[in-house]
Amino acid sequence: MTVTVDAQTELDRTRFFIDGEWVEPRGTDTHRAIEAATGEPLGTAAMGTDADVDAAVGAARNALDNGPWGDTTPAERAEVMRRFAERLAARGESTARLVSRENGMPITLSNPFNGAAPAGLLQMYADLITTTALEEVRPSQMGSTIVRREPVGVVGGITPWNYPQVLAMMKIAPAMAAGCTVVLKPSPETALDSYVMGDAASEAGVPPGVLNIVLAGREAGSALVSHPGVDKIAFTGSTEAGRVIGAECGRLIRRVTLELGGKSAALFLDDGDVQTFMTGLAGTTFMNNSQTCTTQARILVARSRYEEVVEALAEYTRNLVVGDPLDERTQIGPMASERQLTRVLGYIDVGRDSGARLVSGGGRPKDLDRGWFVEPTVFADVDNSDRLAREEVFGPVLAVMPFDTDDQAVAIANDSNYGLGGSVFTADEERGIGIARRIRTGTIGVNYYALDLGAPFGGMKDSGLGRELGPEALNSYLEYKSIYASADRL
Ligand code: NAD
């Protein structure tokens, strides 16, 4: 198999989007973006320093405190957001392709997640803010109390590389709707696509300073987290980085939401349908080449069906189409980076060393000699105490294990530091929902797993703090204020 990709075009992004302008970096650092499917250079981006972050925060602060954004009505903000959505949607297809080239996401997934969803989120929160009461008057012992919700202030958004567009917009859209301003710091692995948001915002007439974008690494990212001009940090990324960021926000008494890692379980009960389970794997386990925080890489199977499911998994994974992420037939693209490939291959070694039974995959595909490809790999007879069952691989390496009773299945699923996704496959939906209620996780599906943008999303335990999406996300960009007033207002 060979990988054919778009003709090499240097996609350079040498300036930052600050205060509505494309500005020169204060420093000289650059980052070379690499195409995941080929390992070839894709473009160059400027890397921000503390001084660039400072300028971006200054612009965001100014737009909120002195600029027009702080005084806008919800209807005015909604109008700006709808124009922004239109300009983003117009670029949807090319943005989706660009992200696929950066991180290897199959185009059939990139189109909805990077192409369409960001504009959809802007529209959703624009609608929501115009129908949400931000102020109410309640009777009090002394008279009345005006209970209001005000924007939390300047938001620092820090995002990872796996779903760069939608994860950024899951922060920007509710923040803008609430009346906040934003500094976005995307991940260097997806250095190029985030600036499409700057292009669209600029064209849509989003007022200067409302959205600022500065690509940076960890150091300048830390400068954003601890900047005195920032009121809230909205972070998506690894649990390891989340702990550091959360600790700093704790020290500063700064608002923070943390969307972190996972090691979720898919449960196949004794009455489950194998075909439904296999079809569901695209959403439960292999979405975005398993580089998804909700990836259900622990597969728990009722012992009476165990060998049947292990065999079906081996067959299914052997037949997955691994290849060019821009080809619509591709089911599994490359890992996002060489570092990520090395990590995933390392976990395959961990599986081998643990004595688990390798039933499919186990290395790099022989016919793909460039790019960061790895074979979908299944280990059976994994023990839930093994590293392969406890640590987040963030790649297509499955750990399959049997259980004897529903109670035991729930206990194994809950025996994890994480709690982000999950699924239950059963012929009896009520039984599945009953089990879903007992699993300590932020989201879980019965007979499928698919994100619902209208419902809260986030993690329990080490998978995070707070929720994104749904009307609930709006709350995390608003602060309550109680004004004690006279009874005349009632
Ligand atoms: P990462 O934590 O290495 O980096 C994420 C972002 O944080 C990047 O922009 C990075 O530059 C920045 N960063 C890292 N350390 C920082 C620090 N100390 N201060 C400020 N910024 C810092 O994660 P990654 O490798 O880019 O992404 C993969 C991880 O993200 C996985 O663990 C995955 O589960 C998680 N993730 C979670 C969700 C969710 O919603 N829960 C969604 C997608 C990915």
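Residues numbered from 1 in each chain as written. Predicted model: local features only at pLDDT ≥ 70, side-chain atom pairs only at ≥ 80, totals over all residues. Heavy atoms only, no water.

A few points about the side chain of threonine 95
1) Next: Inspection of the secondary structure assignment puts threonine 95 in helix H3 (residues 92-103).
2) Next: If sequence neighbours within four positions are ignored, threonine 95 has contacts with Asn114, Gln165 and Val196. (Helix = DSSP H or I, 4+ residues; strand = E, 2+ residues; numbered from the N terminus. Contact = heavy atoms within 4.5 Å.)

Quick look at the packing of aromatic side chains
1) Next: If you walk through the whole model with that rule in mind, you get seven aromatic pairs.
2) Next: Judged by centre distance (4.9 Å) and plane angle (75 degrees), the rings of phenylalanine 277 and phenylalanine 425 are edge-to-face. Taken as a pair, phenylalanine 277 in helix H9 (residues 274-284) and phenylalanine 425 in strand S18 (residues 423-425) lie far apart in primary sequence, 148 residues in all.
3) Next: Residue phenylalanine 425 is classed as buried on the basis of its relative accessible area of 0%.
4) Next: One aromatic cluster is present, built from ring pairs that chain together Phe17, Trp22 and Tyr195. (Phe/Tyr/Trp six-rings, centres within 6.5 Å; stacked < 30°, edge-to-face > 60°. Buried < 20%, exposed > 50% of the residue type's maximum accessible area, 1.4 Å probe, protein only.)

Let's talk about the confidence of the model for the protein
1) Next: For the protein, the average pLDDT comes to 96, and 98% of its residues sit at 70 or higher.
2) Next: Low pLDDT (under 50) marks residues 1-10, which in the prediction has 32 contacts with non-local residues, meaning those over four places away or in another chain. (pLDDT = per-residue confidence, 0-100.)

Considering the sheet that holds strand S5 (residues 135-139)
1) Next: On the basis of which strands lie adjacent, the open sheet formed by three strands has the order S5-S6-S22 and antiparallel pairing. Each edge of the open sheet carries a strand with a single partner, namely S5 and strand S22 (478-485). With strand direction ignored, the average angle separating the axes of adjacent strands in the sheet is 25 degrees.
2) Next: In this sheet, S22 lies alongside strand S6 (residues 144-151) in antiparallel orientation, the contact comprising eight bridges. Its bridge partner being in S22, serine 144 is matched across the sheet by alanine 485. (Pairing = 2+ DSSP bridges. Axes fitted to C-alpha atoms, helices over the stretch in contact; angles between N-to-C directions.)

Things to note about the pairing of strand S4 (residues 41-46)
1) Next: When you tally the buried positions in S4, you get five out of six residues, the bulk of the element.
2) Next: Where strand S3 (residues 30-34) and S4 come together, five bridges link them in antiparallel fashion. Across the sheet, isoleucine 34 pairs through a bridge with proline 41, a residue of S4.
3) Next: Between the end of S3 and the start of S4, which pair antiparallel, lie six residues, with glycine 39 showing a positive phi angle near 75 degrees.

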